[in-house]
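Structural overview for review
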4 protein chains.
Amino acid sequence: MINAAIAGATGYTGIQLINLLKHHPHVRINALTANSNAGEGFSKVFPSHLKIEDRICDATELERLSKTNDVIFLALPHGIASKTVTEEVLSNTKIIDLGADFRLKNISEYEEWYKTEHFGKSLLPQAVYGLSEIYREQVKTARLVANPGCYTTASILSLYPAVKYGLIDPTSIIIDAKSGVSGAGRGLSLGNHFCEANESIKAYGVTTHRHTPEIEQELSFANGSPIHVTFTPHLIPMQRGILSVCYASLKKSVSKKEIEEAYVDMYGKEPFIRIRRSDDLPQTNYVKGSNYFDVTPIVDKRTDRLIAIGALDNLMKGAASQAVQNMNIMFGYKESMGIDDCPLYL
Amino acid sequence: MINAAIAGATGYTGIQLINLLKHHPHVRINALTANSNAGEGFSKVFPSHLKIEDRICDATELERLSKTNDVIFLALPHGIASKTVTEEVLSNTKIIDLGADFRLKNISEYEEWYKTEHFGKSLLPQAVYGLSEIYREQVKTARLVANPGCYTTASILSLYPAVKYGLIDPTSIIIDAKSGVSGAGRGLSLGNHFCEANESIKAYGVTTHRHTPEIEQELSFANGSPIHVTFTPHLIPMQRGILSVCYASLKKSVSKKEIEEAYVDMYGKEPFIRIRRSDDLPQTNYVKGSNYFDVTPIVDKRTDRLIAIGALDNLMKGAASQAVQNMNIMFGYKESMGIDDCPLYL
Amino acid sequence: MINAAIAGATGYTGIQLINLLKHHPHVRINALTANSNAGEGFSKVFPSHLKIEDRICDATELERLSKTNDVIFLALPHGIASKTVTEEVLSNTKIIDLGADFRLKNISEYEEWYKTEHFGKSLLPQAVYGLSEIYREQVKTARLVANPGCYTTASILSLYPAVKYGLIDPTSIIIDAKSGVSGAGRGLSLGNHFCEANESIKAYGVTTHRHTPEIEQELSFANGSPIHVTFTPHLIPMQRGILSVCYASLKKSVSKKEIEEAYVDMYGKEPFIRIRRSDDLPQTNYVKGSNYFDVTPIVDKRTDRLIAIGALDNLMKGAASQAVQNMNIMFGYKESMGIDDCPLYL
Amino acid sequence: MINAAIAGATGYTGIQLINLLKHHPHVRINALTANSNAGEGFSKVFPSHLKIEDRICDATELERLSKTNDVIFLALPHGIASKTVTEEVLSNTKIIDLGADFRLKNISEYEEWYKTEHFGKSLLPQAVYGLSEIYREQVKTARLVANPGCYTTASILSLYPAVKYGLIDPTSIIIDAKSGVSGAGRGLSLGNHFCEANESIKAYGVTTHRHTPEIEQELSFANGSPIHVTFTPHLIPMQRGILSVCYASLKKSVSKKEIEEAYVDMYGKEPFIRIRRSDDLPQTNYVKGSNYFDVTPIVDKRTDRLIAIGALDNLMKGAASQAVQNMNIMFGYKESMGIDDCPLYL
């Protein structure tokens, strides 16, 4: 039994972490923190949890938390983790950071895309990018895991085998991704007012979204040399789910069979990745509430392109359940422990 | 470890039963049946369950199933259970019927409201109405449990203490209930076409809905003499959830305190019933995906009325999770086993 | 051709007024004001209106506006109209106030329910309650029209004939009303965040909603003596529409025929009221985007109750289009001019 | 005043045509036909139109209709128009076909993508493709107009200037389009069941959607030589609206300015096309219920790509209102007559 703390518990990722960890056979939730709701009961902030999780939320003090917890999940806005995670903290506890601060290896990229200084440079080298299926071995021994973004998990996993096996032209990648509104968090803005978001669709952050360098970093690693991609996120009038539709030109003479074999080779034994047939494409309700990532690589010989379609639940495989997956790997538990819920479908 | 069969597995209640029973530590799902999908893989019917539940659905043959299963869940249209559940079946297995056939004690009421003959009259006396909190003792030893309807669970539980303790005028009850679309099932009809159900609300089955006699039966038992109620269901553009808003005239001089005490007295120790304060009223997202029933009794002294507001998830406490709750009671397991998931909130 | 000003143009009612008046053959929109957006172009606030309505919004100065406009529509929060509408303003122009300040005849009721002092007491006697079908004659000559609230229009019109003709017990009225989210306006609150309002339903303002005294006032007038009602509003995950379901005990021996005749007698010739059959009940998409109010009075002899169901579009007959209907009456135009759009259905 | 008939009046496009033509100052709706609802009153099929359009729908007999109508709108499944529109019909009346039969100039393409024989080959040469802004001159004198598809209008208009002016590599075009559910029509299918379409997103018809050759035809004309595109449609949980996001590689050294000038040059004076700034991107609620098409061409110098984003209402500019726009052009009316409604926004 390990003690876990959730810092930033009162966001949509936080409540999801609580729901998962409460049923994890080896975890005891030991502390909940939330600076904006410090001193309030969790069930005051999320009345759904009345009589389930009534504890008072504390302020987030990592150093203190590190002394009594085996692992701390950080669900905080970017810029905070890089300031508060220290060597000392890491000498006491393990950190799974669901924010952006330790994802990008290149500090100048971080500072350019996030328009802020990075204060945790010295820790970056030991941060492991927590895309569980790709970095499983490194996660095992990590003290600091940078859990990937929701769009990035969907986009990287959709394309990884095709890039890794050199089957597509790496300069041709275009990712058109669609997300439910929970991806924007619980903060108030006109754009997530029900009457503004409902019954409408929009692209946003076109050419400037912060998940772009993260996708590029990982696909570049897979490729062996730098890749630039076009990444266009969209807001969809639904609560959860991301569909990532990725386009790329096939390298000359690459066949449908080669593509399919690459995906089977990389993902065929993964417990949480399902390769779907092209007559049964991924849709977000197929993975809703679960840790599954579904993908179909489609080869269009008419235009010689790969269209790889991936789906996940942004709050689960795109955030909370992948964080628990990483925790399981870090602590030597069965990887699916506590995150093997079936998709809800509805 | 007991063997369980789910008959009628390919509806929205069926998939929910599968999701729950798959994680129940004492249950092994032994058979899935669905006459309309017999011979098809379950994950063909619900592609969300690819690689999770790929078994072939059989035709529903209760006699055969009864020989190899400790319990059979029936999620079938009304009229089938009354024809196929027999003494012999019940001598082999326990039945939890999520349909309407064994709910009404008065056969002529059944035949009048359901416009069909009842073929299982001889079994009715032993059928226990599976409103777990009210009939817990009887459920313990039941071989045949009639799991209540979704609207009825919400409506009866909302009003039961007030009726039982004689605090309201039993002739004055009006129930205005609102349900998500999943309550209408997975069958196709113009009314549940996305473009027809979305962005609209309607009342339906006004004065004629079949859950009316079921509500009346149970409130009459609580009252000690017959009660007639006005029951008006509505279709709401959401997937899950029922909100039942119940109105009744307070008996002379009944106070807020007396009402509140009645609810606390009956529900205060119930693990799945939460009495909410009047400044924190039930809403369906507070119970989504969970077995909780939330209720607030409001006393309006200006009009001398009780307004009791109850909320549940129609697929969970209104169907599948209450069925599992009954199973737990019947088999002597901890009542919350496998159904203690936190509400999803979103 | 008359000049019209819209004060408070940048709310959901404001944009609806603009859309209607732009196509009214006798109206020229002469000024748009909005204190919170003063100095901004309208199409900056509502980008849908780029190149359609790019004018700059002014601050709201009624006196100045009154000198150059034949009519001013006020779509303002309560408490402002009562302070700024003066005899002088009314000597220059006509006012159609879509807010609450001049609806209640009893000032102490206003001050009690709205928790604020009323500063326009002297003007109250001349304010005409703008429920067009009931007060048509008085609206013709009014200088100050108090346009009714959305819930109130739906609720009063649903019950008026039954009360007026003395067919129901006036002490037994219960109104259970359901509204789309636009009724809550464009301001930000957690409750109208997409992820909080979507896929959920809740009652709110139970026993305390401010439309209660307005409903009571008008039904009391119809009744000839004071009536108190129970009024329970709900938030529904849709943008537009109100469904008002009204319950009352029938007076002894009142027949279905008498009820139906009362409704036909009062509404049979109304261009914007449709009495629907009980096998074709009102639903909000039937009136979406139109000035129609649909109603069905249902007699339930089993419980001796009337269930009157009414539907309207809260932004149209519940606000903007009824305001234009009143304007048409005030200026002697054909009553349906500019507001005879067909329902959108979807 | 001209007489118009609507064939196939009982679909979502049909009701929209009725709503528009009822308010057109020069049109009298003379006949409604619908084979599947022949003999039924229109308001029986769409109860929203009770007392507004109660006429009985006839069977569709074009020859008979052609004798008494100046124009016939065909809102029929593909394959019917090509069989029933004849030279004789066209000698009596004008036809605006909202279906696919006369859109593709290349019969073998039609037969390949639609898997059916084309029976109206002889009329194809005179059919004018009714993309109003591109073919205005030809529409003026056309007897047979093939009104474009919804996806195609959005996709072609988004890319046309860039292709026409030779600013992009025509082999690089990828169109990722998203549509509301009404695009799938009113017929019943599991995919448009509320509980299946709501809270989910999916791609469909990937590499095989029938709008592909239509898009390719028109962009090929603009290009002067054949173009093949990748076109991926998606189903979005909303009723109306299409967002078309189009990607293409810029030709070497093409600047942002050149792109913008091309769009201004072609669309700057169009009454129904709005070029939006890149900080105010198109979203479907900005055009909801209107004939507007909004577009923003974005130049991403980091990847040397054009991202052109276009939005329209699939039932309006994507179907009914563009059909009326064409009618206006054909009959010499002001082009905006009857279709200048403001966007609804919500």
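Residues numbered from 1 in each chain as written. Chains lettered and ligands numbered in written order. Predicted model: local features only at pLDDT ≥ 70, side-chain atom pairs only at ≥ 80, totals over all residues. Heavy atoms only, no water.

Below, the discussion takes up the overall build of chain A. Summing up its helical and strand segments, chain A has twelve helices and 13 strands in all. Scaling as 2.2 N^0.38, a compact globule of 346 residues should have a C-alpha radius of gyration of about 20 Å, and chain A matches this with 20 Å. Considered along the principal axes of its C-alpha atoms, chain A spans approximately 60 × 45 × 40 Å. Counting all 346 residues of chain A, 67% fall into the buried class. Pairs at least 24 residues apart make up 70% of the contacts formed inside chain A by residues separated by at least 6 positions. On chain A, roughly 10900 Å² of surface is accessible, and the fraction owed to carbon and sulfur atoms is 51%. Both charge centroids of chain A, one from 36 positive and one from 38 negative side chains, sit 2 Å from each other. (Helix = DSSP H or I, 4+ residues; strand = E, 2+ residues; numbered from the N terminus. Rg over C-alpha atoms; globule rule 2.2 N^0.38 Å. Buried < 20%, exposed > 50% of the residue type's maximum accessible area, 1.4 Å probe, protein only. Contact = heavy atoms within 4.5 Å. Areas by Shrake-Rupley, 256 points an atom, 1.4 Å probe, with all protein chains shown as cover. Lys, Arg positive; Asp, Glu negative; His and termini not counted. Charge placed at Lys NZ, Arg CZ, Asp CG, Glu CD.)

So, about the pairing of strand E1 (residues 2-7) of chain C. All names here are of chain C. Among the six residues in E1, five count as buried, and that is most of the element. Note that E1 and strand E2 (residues 27-33) share six bridges and pair parallel. Within E2, the position partnered with alanine 5 by the bridge is alanine 31. Following the backbone out of E1, through helix H1 (residues 12-21) and into the adjacent parallel E2, one traces a crossover that is right-handed. Both E1 and strand E3 (residues 71-74) contribute to a ladder of four bridges, which runs parallel. Within E3, the residue paired with isoleucine 6 across the bridge is phenylalanine 73. (Pairing = 2+ DSSP bridges. Right-handed = clockwise from strand over helix to strand, strands pointing away.)

It takes a turn of 180° to lay chain A on chain D, together with a shift of 0.0 Å along the axis; the resulting RMSD is 0.0 Å. In symmetry terms, the pair is related by a two-fold rotation axis. Relative to the rotation axis, the C-alpha of proline 237 of chain A is the closest in chain A, positioned 3.3 Å from it. (Least-squares fit on C-alpha atoms with pLDDT ≥ 70 in both.)

This part covers the pattern of salt bridges. One pass over the structure, following the stated rule, counts 88 salt bridges over all chains. In this structure, lysine 22 of chain A and glutamate 53 of chain A form a salt bridge, with 3.4 Å as the shortest nitrogen-oxygen distance. Of the two residues, lysine 22 of chain A is situated in the loop between helix H1 (12-21) and strand E2 (27-33) and glutamate 53 of chain A in the loop between helix H2 (42-45) and helix H3 (62-68); the sequence distance between them amounts to 31 residues. On the basis of relative accessibility, which here comes to 32%, the residue lysine 22 of chain A falls in the partly exposed class. Residues glutamate 214 of chain B and arginine 103 of chain B are paired through a salt bridge, measuring 3.2 Å at the closest nitrogen-oxygen approach. (Salt bridge = Lys/Arg side-chain N within 4 Å of Asp/Glu carboxyl O.)

Here we take up the packing of helix H8 (residues 150-164) of chain D against helix H10 (residues 211-223) of chain D. Residue and element names in this part refer to chain D. One way to put it is that H8 packs onto H10 with a least axis distance of 9 Å and a crossing angle of 20°. With respect to H10, the axis of H8 lies roughly parallel. Every pair of crossing elements has a handedness; the one defined by H8 and H10 is right-handed. Facing Cys150, Tyr151, Thr152, Ser155, Ile156, Leu159, Tyr160, Val163 and Lys164 of H8, the residues of H10 in contact are His211, Glu214, Ile215, Glu218, Leu219, Ala222 and Asn223. (Axes fitted to C-alpha atoms, helices over the stretch in contact; angles between N-to-C directions. Parallel < 35°, antiparallel > 145°, perpendicular 65-115°, else oblique. Left-handed = near helix turned anticlockwise from the far one by under 90°.)

All names here are of chain A. Taking strand neighbours across the sheet as the criterion, the six strands line up as E2-E1-E3-E4-E6-E5 in an open arrangement whose pairing is parallel. Two strands in the sheet have a free side with no partner beyond their single neighbour: E2 and strand E5 (128-129). The strands touched by helix H12 (residues 320-331) within the sheet are strand E1 (2-7), E2, strand E3 (71-74), strand E4 (94-97) and strand E6 (144-146), with E4 carrying the most contacts at an inclination of about 155°.

Right, let's get into the interface of chain D and chain C. The extent of an interface is frequently quoted as the accessible surface area lost upon association of the parts. Contacts between chain D and chain C engage 34 residues on the former and 34 residues on the latter. On the chain D side of the contact with chain C, Cys342, Tyr345 and Leu346 of chain D bury the most area, a combined 21% of that side's loss. Taken together, the links from chain D to chain C amount to zero salt bridges. Applying the counting criterion to the chain D and chain C interface returns 16 residue pairs in polar contact (both at pLDDT 80 or more). Those elements giving two or more residues to the side of chain D that touches chain C turn out to be helix H1 (12-21) and strand E11 (273-275) of chain D. Of the residues forming the side of chain D that touches chain C, the biggest block, three residues, is contributed by H1 of chain D. Tallied by class, residues from the side of chain D that touches chain C come to 15 nonpolar, eight polar and eleven charged. (Buried area = accessible area lost by both parts, 1.4 Å probe. Polar contact = N/O pair within 3.5 Å; in protein donor to acceptor, adjacent residues only side chain to side chain. Nonpolar A, V, L, I, M, F, W, Y, C, P; charged D, E, K, R; others polar.)

Another point: the packing of aromatic side chains. Taken as a whole, this structure holds 42 aromatic pairs over all chains when the rule is applied. Between the aromatic rings of phenylalanine 272 of chain B and tyrosine 292 of chain B, the centroid separation amounts to 5.7 Å while the plane-to-plane angle is 70°, which identifies the pairing as edge-to-face. Taken as a pair, phenylalanine 272 of chain B in the loop between helix H11 (256-267) and strand E11 (273-275) and tyrosine 292 of chain B in the loop between E11 and strand E12 (293-300) lie far apart in primary sequence, 20 residues in all. Plain terms: the ring middles of tyrosine 151 of chain C and phenylalanine 231 of chain C are 5.3 Å apart, the flat faces sit at 75° to each other, and that makes the pair edge-to-face. With tyrosine 151 of chain C in helix H8 (residues 150-164) and phenylalanine 231 of chain C in strand E9 (residues 230-235), this residue pair connects regions lying 80 residues apart in the sequence. (Phe/Tyr/Trp six-rings, centres within 6.5 Å; stacked < 30°, edge-to-face > 60°.)

Note: a rotation about an axis with an accompanying shift along it relates these two copies of the chain. Between chain D and chain C, which share one sequence, the superposing operator has a rotation angle of 180° and an axial displacement of 0.0 Å; the RMSD is 0.0 Å. Most of the interface of chain D is mirrored in chain C: 100% of its interface residues are interface residues there too.

Moving on: the confidence of the model for chain A. In this model, chain A carries a mean pLDDT of 97, and residues with pLDDT of at least 70 account for 100%. The ipTM, which scores confidence in the relative placement of chains, is 0.97 for this predicted complex, and the corresponding pTM is 0.98. (pLDDT = per-residue confidence, 0-100.)

Here we take up a nonpolar patch on the surface. Residues Leu188 and Leu190 of chain A together with Leu188 and Leu190 of chain C make up a contiguous nonpolar surface patch of about 310 Å² in total accessible area. Secondary-structure assignment places leucine 188 of chain A in the loop between strand E7 (174-179) and helix H9 (194-197). Under the relative-accessibility criterion, leucine 188 of chain A is labelled partly exposed at 44%. (Patch = residues over 30% accessible without salt bridge, like charges linked within 9 Å, V, L, I, M, F, W, Y side chains within 5 Å.)

Further remarks concern unusual backbone geometry. One can expect most non-glycine residues to show negative phi and most peptide bonds to be in trans. Phi is positive for lysine 115 of chain A, which is not a glycine, with a value near 50°. Here lysine 115 of chain A shows up in the loop between helix H6 (107-114) and E5.

This part is about helix H8 (residues 150-164) of chain A. All names here are of chain A. For H8, built from 15 residues, the straight-helix expectation of 21 Å at 1.5 Å per residue is met to within 8% by its first-to-last C-alpha distance of 21 Å. The sharpest bend along H8 comes to roughly 30°, located at serine 158, with the proline proline 161 sitting one to four residues further on. One or two residues past the end of H8 sits glycine 166, with phi positive at roughly 65°. (Expected span 1.5 Å × (residues − 1). Bend = angle between axes of the 7 residues up to and from the residue.)

A few words now on the environment of alanine 9 of chain B. All names here are of chain B. Note that alanine 9 resides in the loop between strand E1 (2-7) and helix H1 (12-21). When the C-alpha positions of alanine 9 and glutamate 218 are compared, they lie 28 Å apart, and in sequence the two are 209 residues distant. Excluding residues within four positions of it along the chain, alanine 9 makes contact with Gly14, Ile15, Ile18, Leu32, Thr33, Ala34 and Phe42.

Here we take up the sheet that holds strand E1 (residues 2-7) of chain D. Residue and element names in this part refer to chain D. The strand order across the open sheet formed by six strands is E2-E1-E3-E4-E6-E5, and the pairing between neighbours is parallel. The sheet is open, and its two edges are formed by strand E2 (27-33) and strand E5 (128-129), each paired on a single side. This element, helix H12 (residues 320-331), spans E1, E2, strand E3 (71-74), strand E4 (94-97) and strand E6 (144-146) of the sheet and lies at about 155° to E4.

Here the focus is the interface of chain A and chain D. Taken together, the contact between chain A and chain D spans 47 residues of the former and 47 residues of the latter. Taken over both partners, the interface formed by chain A and chain D buries close to 3900 Å², and the fraction arising from carbon and sulfur atoms is 55%. The largest share of the area that chain A buries against chain D comes from Glu199, Ile201 and Arg302 of chain A, three residues that together contribute 17% of it. Taken together, chain A and chain D are joined by four salt bridges.

As a further point, take the side chain of aspartate 313 of chain C. Of note, aspartate 313 of chain C is situated in the loop between strand E13 (305-312) and helix H12 (320-331). A polar contact of 2.9 Å, which involves the side chain of aspartate 313 of chain C, links it to the backbone nitrogen of leucine 315 of chain C.

Its location among the elements puts serine 158 of chain B in helix H8 (residues 150-164). Dropping the residues within four chain positions of it, serine 158 of chain B is found in contact with Ser244, Cys246, Tyr263, Phe293, Val295, Ala308, Ile309 and Gly310 of chain B.

The next thing to look at is helix H11 (residues 256-267) of chain A. Residue and element names in this part refer to chain A. Between its first and last C-alpha, H11 extends 16 Å over twelve residues, near the 16 Å set by a 1.5 Å rise per residue. Those residues of H11 not exposed but buried are Ile259, Ala262, Tyr263 and Tyr267. For H11, the angular spread of the buried residues around the axis is 100°, confining them to a single face. With respect to the buried face of H11, the exposed residues turned more than 90 degrees away are Lys257 and Asp265. Buried residues along H11 sit in contact with H8, strand E11 (273-275), strand E12 (293-300) and strand E13 (305-312). (Arc of directions from axis to C-beta.)

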